[in-house]
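Notes for the structure review
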Amino acid sequence: QDRAPLTNTTSSIPKLGFGVYQLYGQSCQKAVLDALQAGYRHIDSAQLYRNEADVGAAVQQSPIQREDIFITTKIRQSAGSPDKSYRSCVESIEKVGGKDGYVDLLLIHIPGTGRESREELWGVLERLHAEGRARAIGVSNYRPQHIEEMKEYAKVWPPHVNQVELHPWCQQRDIVQYCEDKNIVLAAYSPLSCGDHLNDPTLGAIADKYDKSPAQILIRFALQKNWVPLPKSGNPDRIKQNANVFDFALDEGDMKTLDGLDRGKAGALFPANVK
Ligand code: A2P
């Protein structure tokens with residue numbers, strides 16, 4: 001699958017990822033195996049999702065080599081001290097990546113409330129990156145001011161990725177512009193707007209024109225924006241459908257039309273909304 005370089009690292013990220021939020025146990029394992037079978041090579045997990053071990057089990061069961069799969073996980077908050085946070089990350093890395101394993105990308109899940117915890121967690125991620133256990137490191141739900149603040153304490157700057165909510169109705173243009181300027185890869189969670197806008201008539205007309213589903217149009221929109229979409233599905237047919245987006249391209253006019261749907265929504269910046 002097509003990959004995008006991660007600036008200042010030796011690695012690259014598959015341009016389409018698979019989201020596993022709210023998938024648990026056997027159904028999570030099955031969804032990940034279905035996704036790998038359908039051609040996804042990028043799985044996006046998090047401590048918060050409580051399915052890191054299921055992702056790890058599926059990757060182990062899959063005939064695909066570990067090094068051909070890109071796995072992300074995220075740490076939500078400080079575990080109480082740098083050492084405890086470090087151990088918490090290692091636990092997560094071993095759940096998804098196996099004993100003595102690695103993750104391809106480790107993210108701070110939310111900026112949280114204070115600079116102190118952001119600084120502590122970034123230090124932990126930098127250490128894991130130096131040790132080779134996190135091949136790339138980044139942030140999630142960070143606004144430009146949080147990334148600017150990192151300059152005061154970061155050895156690794158800019159972060160390699162910022163993962164935020166992105167879809168036509170929530171384009172967070174200030175964050176997107178900032179990350180583009182700094183060569184920070186934007187990963188897009190909820191690229192299908194959590195399913196909320198799949199019946200939108202404007203989207204429907206575009207889907208009919210290309211003979212694709214509304215979900216496929218939204219994934220294509222994200223890809224053409226150079227975002228890394230992370231659509232979630234627990235259904236084998238939809239998992240397959242969402243990966244079948246490399247045989248067509250939206251024209252400029254349709255990209256513009258979708259662009260015009262933005263509602264200026266701020267995205268999930270608050271813990272209650274975070275994915
Ligand atoms: P399901 O898991 O039953 O497929 P997002 O990725 O924006 O968070 O959206 C996820 C939601 O969209 C889930 O409720 C998922 O349901 C649904 N979904 C995923 N793919 C499709 C699709 N191709 N068509 C319709 N709904 C979809």
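Here, the structure is the one placed above.
Residues numbered from 1 in each chain as written. Predicted model: local features only at pLDDT ≥ 70, side-chain atom pairs only at ≥ 80, totals over all residues. Heavy atoms only, no water.

So, about unusual backbone geometry. Residue Pro158 is bonded to the preceding Trp157 through a cis peptide linkage, with omega at 0 degrees. Along the chain, Pro158 falls in the loop between α5 (144–150) and β8 (161–165). Positive phi is not limited to glycine here, since Cys194 has a value of about 55 degrees. You can see Cys194 is positioned in the loop between β9 (185–189) and α7 (201–210). (Helix = DSSP H or I, 4+ residues; strand = E, 2+ residues; numbered from the N terminus.)

Below, the discussion takes up the site of the ligand. Around the ligand there are 16 residues in total, and Leu192, Ser233, Gly234, Arg238 and Gln241 lie nearest to it. Within the contact set of the ligand, an oxygen atom lies 2.6 Å away from a side-chain nitrogen or oxygen of Ser233. A distance of 2.8 Å separates a nitrogen atom of the ligand from a polar atom in the side chain of Gln241. Considering the ligand on its own, with 570 Å² of exposed area, one finds that the protein chains cover 77% of that surface. Considering every element that reaches the shell around the ligand, the biggest residue donor is helix α9 (residues 236–243), with 3 residues. Its residues assigned to classes, the shell around the ligand comprises 6 nonpolar, 7 polar and 3 charged. (Near = heavy atom within 4 Å. Polar contact = N/O pair within 3.5 Å; in protein donor to acceptor, adjacent residues only side chain to side chain. Areas by Shrake-Rupley, 256 points an atom, 1.4 Å probe, with all protein chains shown as cover. Nonpolar A, V, L, I, M, F, W, Y, C, P; charged D, E, K, R; others polar.)

Right, let's get into the packing of aromatic side chains. Per the counting criterion, the structure on display carries 4 aromatic pairs. Look at Tyr210 and Phe248: their rings are 5.8 Å apart centre to centre, the planes differ by 50 degrees, and that puts the pair in the tilted class. With Tyr210 in helix α7 and Phe248 in the loop between α9 and α10 (252–259), the pair connects residues that are 38 residues apart, well separated along the chain. Of the two residues examined, Tyr210 and Phe248, each falls in the buried class. (Phe/Tyr/Trp six-rings, centres within 6.5 Å; stacked < 30°, edge-to-face > 60°. Buried < 20%, exposed > 50% of the residue type's maximum accessible area, 1.4 Å probe, protein only.)

Moving on: the pairing of strand β6 (residues 103–108). Of all 6 residues that make up β6, 6 are buried, and the element is covered over most of its length. Across 4 bridges, the pairing between strand β5 (residues 70–75) and β6 is parallel. Across the sheet, the residue bridging to Ile75 is Ile108, located in β6. Remark: the β5/helix α3 (residues 82–97)/β6 crossover connection has right-handed handedness. The β-α-β motif built from β6, the intervening helix α4 (residues 115–130) and the parallel element strand β7 (residues 134–140) has right-handed crossover chirality. (Pairing = 2+ DSSP bridges. Right-handed = clockwise from strand over helix to strand, strands pointing away.)

Right, let's talk about the pattern of salt bridges for a bit. What the rule picks out here adds up to 20 salt bridges. For Lys74, the salt bridge identified is with Asp44, shortest N-O distance 2.7 Å. In this pair, Lys74 is assigned in strand β5 and Asp44 in strand β4 (residues 42–44), connecting sequence segments 30 residues apart. Lys74 sits in the buried class, given a relative accessible area of 0%. A relative accessible area of 3% places Asp44 in the buried class. The salt bridge partner of Arg118 is Glu149, with a shortest N-O separation of 2.8 Å. Here Arg118, found in helix α4, pairs with Glu149, found in helix α5; they are 31 residues apart in sequence, far enough to count as distant. (Salt bridge = Lys/Arg side-chain N within 4 Å of Asp/Glu carboxyl O.)

This brings us to the side chain of Glu165. Summarising the element assignment, Glu165 is placed in strand β8. With a relative accessible area of 7%, Glu165 lands in the buried category. At a separation of 2.9 Å, a polar atom in the side chain of Glu165 contacts the side chain of His167.

With that settled, the discussion passes to the environment of Ala187. You can see Ala187 is positioned in strand β9. What makes Ala187 buried here is its relative accessible area of 3%. Here the alpha-carbon distance between Ala187 and Asp83, two residues 104 residues apart in the chain, equals 28 Å.

What follows deals with the nonpolar core. If you look at the biggest cluster of nonpolar residues, it comprises 73 residues, and the most contacted ones within it are Phe18 and Trp122. For this core, the element with the most residues is helix α8 (residues 214–224), which contributes 7 residues. Contact partners of Phe18, with chain neighbours within four places excluded, come to Leu23, Ala31, Val32, Ala35, Tyr40, His42, Ile43, Asp44, Pro231, Ser233 and Ile239. Core analysis: the second largest hydrophobic core is formed by 12 residues, Leu6, Leu107, Val185 and Leu230 among them. (Core = buried A, V, L, I, M, F, W, Y, C linked by side-chain atoms within 4.5 Å. Contact = heavy atoms within 4.5 Å.)

At a minimum axis separation of 10 Å, α7 and α10 run at an interaxial angle of 160 degrees. Relative to α10, the element α7 lies roughly antiparallel. Crossing of α7 against α10: the hand is left-handed. Residues Thr202, Leu203, Ile206, Lys209 and Tyr210 of α7 pack against Asp254, Thr257 and Leu258 of α10. Its residues assigned to classes, the contact of α7 with α10 shows 4 nonpolar, 2 polar and 2 charged. (Axes fitted to C-alpha atoms, helices over the stretch in contact; angles between N-to-C directions. Parallel < 35°, antiparallel > 145°, perpendicular 65-115°, else oblique. Left-handed = near helix turned anticlockwise from the far one by under 90°.)

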